[in-house]
Amino acid sequence: MADGPLRSNLQPLALHVPEPRSRPGDPVDFSDVIVPAADSMARPDEAVSPHDMRDLSFGLVRVLDDEHRAVGAWDPRLPHETLLKMLRTMALTRAFDERLYRAQRQGKTSFYMKCTGEEATSVAAAAAMQGDDMVFPSYRQQGILMWRGYALTEMINQIYSNRGDKLKGRQLPIMYSVPELSFFTISGNLATQYPQAVGWAMASAIKGDTRIASCWCGEGSTAEGDFHSAMTFASVYNAPTILNVVNNQWAISSFSGFAGAERTTFAARAIGYGIAGLRVDGNDALAVYAATQWAAERARSNKGPTLIEHFTYRAEGHSTSDDPSAYRSAQESAEWPLGDPIHRLKQHCIALGIWDDERHAAMDLELAEMVKAATKEAEKNGVLGHGMHQPFETMFEDVFEELPWHLQEQMAQALEERAAKWPK
Amino acid sequence: MAEVMQDYATSEATNEGAADQTATKTMNMIEAINSAMDVMMDRDPDVVIMGEDVGYFGGVFRCTAGLQAKHGKTRVFDTPISECGIVGVAVGMGAYGLRPVPEIQFADYIYPGIDQLISEAARLRYRSAGEFIAPITVRSPFGGGIFGGQTHSQSPESLFTHVSGLKTVIPSTPYDAKGLLISAIEDNDPVIFFEPKRIYNGPFTGYYDRPVEPWSKHAASKVPTGHYRIPLGKANIVRAGEALTILAYGTMVHVAQAVVEANGVDAEVIDLRTLLPLDIETIEASVKKTGRCLIVHEATRTSGFGAELSALVQERCFYHLEAPVERVTGFDTPYPHSLEWAYFPGPIRIGRAIAKIMKD
């Protein structure tokens, strides 16, 4: 119903609105997902010009083949202990997610976010970086903290916003901050960490440091302006940064088509900025490791930033506030053509003869017990909403370095209100 | 309640589509907001709705549920996660002649869109001397009380009332939400429509340890199914009184009313409904009558909308005031997670302010 003149000899314009592959009740069809052979991508030298590696933005770096062997030029040839440590860390991440998800359902906290199916994109990436390389995560990279050995009770204290939470109960659950593990404070806003990572990397370069920075966002968040600002700055200053896009196909209810996936890959965003781009099988821990290792080496040798698209699948809801059965087919997760990252790494270790089903089952039990014990320990500091919170006055701390007069007055007011409500 | 019903009568008197009004339905605030958009999409083919998750899914708070199925996906559609883009394309659609109703999923996420709102939407009419306008209504849930932490709880309304060229509307009941949203959509200027998410499902009174009544038990849940307007710029006296004027909006209207009922003070409670343009006549008449004024909002105190209200009351009612104007607000900190109820300007903070103001 155009207001302007309609010219009858011209075709009327039509708005395209993307549609996902399937909605609830529909059969799942992933036939459009092209899964190339594990050894199909060449591995260029880390110093390659972005213009000479464009195919890596459209292909898919994979290392594990259908027989669970590590093959091709991207095989990182990892020692067995590294493989087993990655496997264990990914399994720990999943065990932790399972238990804390249940804790939210039991009313012990307000909110939780799992990373089920995406464990490799944080664990294997962290494994391929130095422990003091700075990371600017989004809200689904708990695997980095697991790899770097953060105490589970500290994580759970934060999730419960309890008396033991070193962030003083201020942040939504899972919005960790761990500077001692070079882990930046997580924001609830999207992609804001992207330019910050570039800035940290620029600072590292200004100071002649050797540490690089890495950041993560979802494919949905690449639509935010912050993502594009970060890409521009990273390109202009050749900032030593690894920019990770975890393409898990879904941003709450919006499939990746609403971030541009119908037109090109997310790795290909790099091409327009003149940045190296890699598209990686995000459910293949060895491929994630190899790509991150490549990008880290490139950044560390002043050859510039790399954008890595981790092609994966969000196997569960966006968060405990989400019900994915309302907008996508329930079978999608099971039929995802790239499988499950823990299962694939497990099968690889079994194929190498360094692991078996019995040991894996025993490890899962052990990890579940470990998480349970940490949960019990954290619960001694309280759970959300049962009085075991931080003292009222902490609410006014850290707004500024020093407390201005108006916050001093408001703090006194809050304490008077507490005395009025609970006269003791 | 009688006062609320009286307001319905007033609204009906100003309503052009009275024939639509015969049928009513019990609605919560989400359903009323949904109904407003549905009615406007039926009446005006230029109304389009867009935002993150608003299409097939119907919005994370369900405000647009069913609208895509009914009105088609070129009129109700999901968007990329770019608030700058959402507002910017709404401005462009408005320039074509459409009447976009973009949703920003949480008010806390509106900041990337603020350049398009402040520098563009708000000034299009002025800078083009009326040649281009931005007839857009930006809907967004705001406010705390749902353990949303600092990125799902903010009340940023005064950032927008500070901008020349934006209207700011905040409903407090299903009935008002529908009538105000229809007026906002029909308005030819950009409107920020903040929806207090704490009262989407029931009129929360601030007593967080008591169950919240559902809207169905409240008179303002009887919502006409058709078209009606509540004019922008008209406040609503939700409780008449002589001793004290309380100015509030959104969730805080219900909290203030509950406190007034609990402690028996004969307060006049005014629901502003529109912050800009403000119904100064109603405020002025009330304060001149009562001689006392308490302002209640959930947003942070410093440079909050209460500061503007306080200044206006001083300027216009100074010689009628028997006590200093008081403000009850959220504290000047980010919204904390675990200490949410210590932050929230609840019954204790309001009760203490009333006691103070009545003492003089």
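Bear in mind the structure is a predicted one, so any value in this text is a computation, not a measurement. Each chain carries its own residue numbering, running from 1 in the direction its sequence is written. Here every chain gets a letter starting at A, and every ligand a number starting at 1, in the order they are written. Per-residue local features are limited, in this predicted model, to residues with pLDDT of at least 70; the limit for side-chain atom pairs, both in listing and counting, is 80 or more; totals at the level of whole chains, interfaces and linings are taken over all residues. The side-chain figures draw on all heavy atoms in the structure; neither hydrogens nor water molecules are used.

### Concerning the nonpolar core
In plain terms, the rule: Nonpolar core, defined: a set of buried Ala, Val, Leu, Ile, Met, Phe, Trp, Tyr and Cys residues in which side-chain atoms within 4.5 Å join the residues together. Relative accessibility thresholds used throughout: buried, under 20% of the residue-type maximum; exposed, over 50%; partly exposed, between the two (1.4 Å probe, protein chains only). Secondary structure elements are taken from DSSP: a helix is a run of H or I of four residues or more, a strand is a run of E of two residues or more, and numbering for both begins at the N terminus. Domain delimitation in this document rests on an assignment produced automatically or drawn from a domain database. By definition, residues are in contact when any of their heavy atoms lie within 4.5 Å.
Ranked by size, the top nonpolar core spans 129 residues in total, and within it Ile246 and Leu294 of chain B carry the most contacts. Of all the elements, helix H2 (residues 29-43) of chain B adds the most residues to this core, at nine residues. Split by domain, this core shows at least three residues from each of two domains, domain 1 (2-224) and domain 2 (236-359) of chain B. Residues within four places of Ile246 of chain B in sequence aside, it is in contact with Ala256, Val260, Ala267, Glu268, Val269, Ile270, Leu294, Val296 and Ile354 of chain B. Grouped together as the second largest cluster of nonpolar side chains are 83 residues, Leu78, Met175, Leu286 and Leu367 of chain A included.

### A closer look at the UniProt feature "domain: 2-oxoisovalerate dehydrogenase E1 alpha subunit N-terminal" (unreviewed entry) in chain A
Filter applied, for reference: UniProt positions are given in the numbering used here, feature names are shortened, and annotations may be inferred rather than shown by experiment.
Taking the numbering used here, the UniProt-annotated feature "domain: 2-oxoisovalerate dehydrogenase E1 alpha subunit N-terminal" (unreviewed entry) corresponds to residues 11-50 of chain A. Summarising residues 11-50 of chain A: 0% helix, 0% strand, and an end-to-end C-alpha distance of 40 Å.

### Let's talk about the packing of aromatic side chains
Filter applied, for reference: Stacked, tilted and edge-to-face are the three classes applied to pairs of Phe, Tyr and Trp rings, where Trp contributes its six-membered ring and a pair requires centres within 6.5 Å; stacked means planes under 30 degrees apart, edge-to-face means over 60, and tilted covers the rest.
Inspection of the entire model under this criterion finds 28 aromatic pairs over all chains. For the ring pair Phe136 of chain A and Phe184 of chain A, a centre distance of 4.6 Å and an interplane angle of 35 degrees mean the geometry is tilted. Taken together, the residues span a long stretch of sequence, with Phe136 of chain A in strand S1 (residues 134-136) and Phe184 of chain A in the loop between helix H5 (152-160) and helix H6 (193-206) at a distance of 48 residues. By relative accessible area, Phe136 of chain A is classed as buried at 2%. Three or more aromatic residues link up through ring pairs in this structure, and these residues are Trp250, Phe255, Phe258 and Tyr327 of chain A together with Phe57 of chain B.

### As for the layout of surface pockets
The line we're drawing: Put plainly, a pocket is an open set of points on a 1 Å grid over the protein atoms alone with protein on both sides within 12 Å along at least five of seven lines, a cavity is a set where a 1.4 Å probe fits but cannot get out, and a lining residue has an atom within 4 Å of a point. Grid points are joined across faces, edges and corners, and a volume is the space filled by probe spheres set on the points. Polarity classes work like this: nonpolar for Ala, Val, Leu, Ile, Met, Phe, Trp, Tyr, Cys and Pro, charged for Asp, Glu, Lys and Arg, and polar for all others, with Gly in that last group.
In this structure, the second largest pocket encloses a volume near 900 Å³. If you trace the second largest pocket, you find 47 residues lining it, with Phe111, Ile252, His318 and Ser319 of chain A together with His152 of chain B closest to the centre. Mapped by element, the contributors of at least two residues to the lining of the second largest pocket are strand S2 (213-218) and strand S4 (250-251) of chain A. Tallied by class, residues from the lining of the second largest pocket come to 21 nonpolar, 18 polar and eight charged.

### Quick notes on the side chain of Thr89 of chain A
As for its placement among the helices and strands, Thr89 of chain A is situated in helix H2 (residues 80-105). Classification of Thr89 of chain A by relative accessible area gives buried; the value is 6%.

### Side note on the sheet that holds strand S9 (residues 236-239) of chain B
Residue and element names in this part refer to chain B. Basically, it comes down to this: At least two bridges found by DSSP between two strands is the condition for calling them paired. Axis lines are fitted to C-alpha atoms, over the contacting stretch for helices. Their N-to-C directions set the angle, which ranges from 0 to 180 degrees.
Within the open sheet, the five strands sit side by side as S9-S11-S10-S13-S14. Their pairing is mixed. Every interior strand has two partners, whereas the edge strands, S9 and strand S14 (326-330), have only one. In this sheet, adjacent strand axes meet at a mean angle of 25 degrees when their direction is disregarded. Here strand S10 (residues 244-248) runs beside strand S13 (residues 293-300); their pairing, made up of three bridges, is parallel. From the neighbouring strand, Leu247 faces S13, where its bridge partner is Ile295.

### Brief notes about unusual backbone geometry
Outside of glycine, negative phi angles account for most residues, and trans bonds account for most peptide bonds. Residues and elements named next belong to chain B. Cis geometry is found at the peptide bond from Leu276 to Pro277, where omega equals 0 degrees. Here Pro277 shows up in the loop between strand S12 (274-276) and helix H10 (280-290). You will see that Phe147, though not glycine, has its phi angle at about 55 degrees, which is positive. Position of Phe147 among the secondary structure elements: in the loop between strand S5 (137-142) and helix H7 (157-161). Judged by its relative accessible area of 21%, Phe147 is partly exposed.

### Quick word on the environment of Ser303 of chain B
Relative to the helices and strands, Ser303 of chain B resides in the loop between S13 and helix H11 (305-317). Between the alpha carbons of Ser303 of chain B and Leu159 of chain B there is a distance of 9.0 Å; along the sequence they are 144 residues apart.

### Describing helix H11 (residues 341-351) of chain A
All names here are of chain A. Which entries qualify depends on this criterion: Any pair of N or O atoms that falls within 3.5 Å is considered a polar contact. Within protein, one atom must be able to donate a hydrogen and the other to accept it, and sequence-neighbouring residues count only if both atoms are side-chain atoms.
With eight of 11 residues buried, H11 is to be regarded as a mostly interior element. Listed in full, the buried residues belonging to H11 are Pro341, Ile342, Arg344, Leu345, Lys346, Gln347, His348 and Cys349. The N-cap residue of H11 is Asp340: its side-chain oxygen and the backbone nitrogen of Ile342 are 3.1 Å apart. Trailing H11 by a residue or two, Gly353 shows a phi angle of about 80 degrees, which is positive.

### As for the UniProt feature "domain: Dehydrogenase E1 component" (unreviewed entry) in chain A
Following the UniProt record, one finds the feature "domain: Dehydrogenase E1 component" (unreviewed entry) at residues 88-382 of chain A. Counted over residues 88-382 of chain A, helix gives 43% and strand 11%. Its end C-alpha atoms are 29 Å apart.

### So, the domain arrangement of chain B
Residues and elements named next belong to chain B. We apply this condition: Accessible surface is computed with a 1.4 Å probe, and the buried area is the amount of it that two parts give up when combined, taken over both parts together. By salt bridge we mean one thing: a side-chain nitrogen of Lys or Arg within 4 Å of a carboxyl oxygen of Asp or Glu.
Examined at the domain level, chain B breaks down into domain 1 (2-224) and domain 2 (236-359). Of note, the centres of domain 1 and domain 2, computed from C-alpha atoms alone, are 24 Å apart. Across the domain 1/domain 2 interface, buried area totals approximately 2,900 Å², and carbon plus sulfur atoms make up 60% of it. The tally of links between domain 1 and domain 2 comes to one salt bridge. Here Asp176 and Arg273 are joined by a salt bridge, their closest N and O atoms 3.2 Å apart. At the boundary of domain 1 and domain 2, one finds 12 residue pairs in polar contact (both at pLDDT 80 or more). Contributing elements (two or more residues each) for the side of domain 1 that touches domain 2: helix H1 (2-13), H7, strand S6 (167-169) and helix H8 (174-186). Across the side of domain 1 that touches domain 2, the residue classes tally to 14 nonpolar, 16 polar and six charged.

### Considerations on the pattern of salt bridges
Residue and element names in this part refer to chain B. Under the definition given, this model contains 45 salt bridges over all chains. The residue Lys167 makes a salt bridge to Asp187 at a minimum N-O spacing of 2.8 Å. Placement of the pair is Lys167 in strand S6 and Asp187 in the loop between H8 and strand S7 (191-196), with a sequence separation of 20 residues. For the pair Lys167 and Asp187, one class covers both residues: buried.

### Concerning the packing of H6 of chain A against helix H7 (residues 225-236) of chain A
Helix-helix packing: each pair is described by the crossing angle between the helix axes and the interaxial distance. All names here are of chain A. As a reminder, the rule being used: Roughly parallel means an angle under 35 degrees; roughly antiparallel, over 145; roughly perpendicular, 65 to 115; everything else is oblique. Left-handed describes a crossing in which the near helix is turned anticlockwise from the far one by less than a right angle; the clockwise case is right-handed.
One way to put it is that H6 packs onto H7 with a least axis distance of 7 Å and a crossing angle of 20 degrees. Relative to H7, the element H6 lies roughly parallel. Relative to H7, the crossing made by H6 is left-handed. For the pair H6 and H7, the contacting residues are Tyr194, Pro195, Val198 and Met202 in the first and Asp226, Phe227, Ala230, Phe233 and Ala234 in the second. Residues belonging to the contact of H6 with H7 are distributed by class as follows: eight nonpolar, no polar and one charged.

### Let's talk about empty space enclosed by the protein
Residue and element names in this part refer to chain B. As enumerated under the stated definition, the model contains six cavities of 30 Å³ or more in all. Within this model, the largest cavity holds a volume of roughly 80 Å³. The set of elements that each furnish at least two residues to the lining of the largest cavity consists of helix H9 (251-263) and S13. The dominant element in the lining of the largest cavity, judged by the number of residues it contributes, is S13, at three residues.

### So, the pairing of S5 of chain B
All names here are of chain B. Within S5, six of the six residues are buried, leaving the element largely enclosed by the surrounding structure. Pairing geometry for S5 and S7, over six bridges, is parallel. Within S7, the residue paired with Val138 across the bridge is Ile192.

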